[in-house]
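Next come the chains, spelled out residue by residue.
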Amino acid sequence: MDKRISRQYFNNAAPHWDETVRNNDPVKLQELIGRLRFASDARVLDVGTGTGVFVPYIQSRLNGSGRVACVDFSFRMLEIAQKKNGNKSIEYVCAEIETVGFPAGIFDAAVCYSTFPHFHEKPLSLKKIFKLLKAGGKIFICHTANREEINAIHRKIPDLKDHLIPEEEAMREMLVAGGFSEVVIKDGGGYYLAEAKKLFTC
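Definitions and cut-offs
- Residues numbered from 1 in each chain as written.
- Predicted model: local features only at pLDDT ≥ 70, side-chain atom pairs only at ≥ 80, totals over all residues.
- Heavy atoms only, no water.
- Helix = DSSP H or I, 4+ residues; strand = E, 2+ residues; numbered from the N terminus.
- Rg over C-alpha atoms; globule rule 2.2 N^0.38 Å.
- Buried < 20%, exposed > 50% of the residue type's maximum accessible area, 1.4 Å probe, protein only.
- Contact = heavy atoms within 4.5 Å.
- Areas by Shrake-Rupley, 256 points an atom, 1.4 Å probe, with all protein chains shown as cover.
- Lys, Arg positive; Asp, Glu negative; His and termini not counted.
- Charge placed at Lys NZ, Arg CZ, Asp CG, Glu CD.
- Phe/Tyr/Trp six-rings, centres within 6.5 Å; stacked < 30°, edge-to-face > 60°.
- Lys NZ or Arg CZ within 6 Å of the ring centre and 35° of its normal.
- Core = buried A, V, L, I, M, F, W, Y, C linked by side-chain atoms within 4.5 Å.

S.K.: Help me understand the overall build of the protein in this model?
M.R.: Secondary structure assignment for the protein yields eight helices and seven strands. For 202 residues, the compact-globule formula gives about 17 Å, and the C-alpha radius of gyration of the protein, at 15 Å, lands near that figure. Referenced to the eigenvectors of the C-alpha coordinate spread, the extents of the protein come out at roughly 40 × 40 × 35 Å. Taken over 202 residues, the protein has a buried fraction of 51%. Across the protein, every contact between residues at least 6 apart in sequence was considered, and the portion connecting residues at least 24 apart equals 68%. Summing over all exposed atoms, the protein offers an accessible surface of approximately 9,600 Å²; the carbon and sulfur share of this is 50%. Once the 28 positive and 25 negative side-chain charges of the protein are each reduced to a mean point, those two points are 4 Å apart.

This is the structure:
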């Protein structure tokens, strides 16, 4: 998995992304956000925002004191997201999650919607997200298709052929190694959701 190739792929795809991908069905997105449990005043980290497809759905779960921070390593994707979802309660940062400069322990939840397969250093990314979460904070790794469907799509794209969701046991072990507990993985029925909790601060 080459970071330069991935960044170029997503920068090039950004202008037409919303018209060509299958992850923007509003019915499926509404069903998915209903499965993510976080408080209405939460500070949420949206990891791998892309063109911001899921941002309005995250916002719909927040009240006036809730906040969203959007991170993506593709500046062109992030530009589109910001144009679509410009709001004082949303912060946009162009960076890789492994090196993003947020202080530790400031987020109540981290959402990785349709993005985890594209993480170049998955174990390191999870450890970073763990560090950024408050004690009791949750991570949600989610898609509007199941693991088999997502992996099949990526294998057909040369630049993304190794951007895959790990098998359940490997995903569980990766989350635990990253510091997380209470891992629950649901795969099937038209969606994928792996969630886990940070039970302590370290």
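S.K.: Even after reading the chapter, I still don't get the packing of aromatic side chains, so can you show me in this structure?
M.R.: Inspection of every chain in the model, using the stated rule, returns nine aromatic pairs. Among the aromatic residues, ring-to-ring pairing joins Tyr9, Phe10, Trp17 and Phe73 into one connected group. Positioned above the aromatic ring of Tyr191 is the side chain of Arg35, whose terminal nitrogen or guanidinium carbon lies 3.7 Å from the ring centre.

S.K.: Sorry, what's going on with the nonpolar core here?
M.R.: In globular proteins that are soluble, nonpolar side chains generally tend to be buried together. Core analysis: the largest hydrophobic core is formed by 34 residues, its most contacted members being Leu45, Phe102, Ile129, Ile139, Ile141, Met171 and Leu175. Among residues more than four places away in sequence, those in contact with Ile139 are Ala110, Cys112, Leu126, Ile129, Leu133, Leu175, Phe180, Ala194, Glu195 and Ala196. Of all hydrophobic cores here, the second largest spans 26 residues; its members include Leu36, Tyr57, Leu62 and Tyr191.

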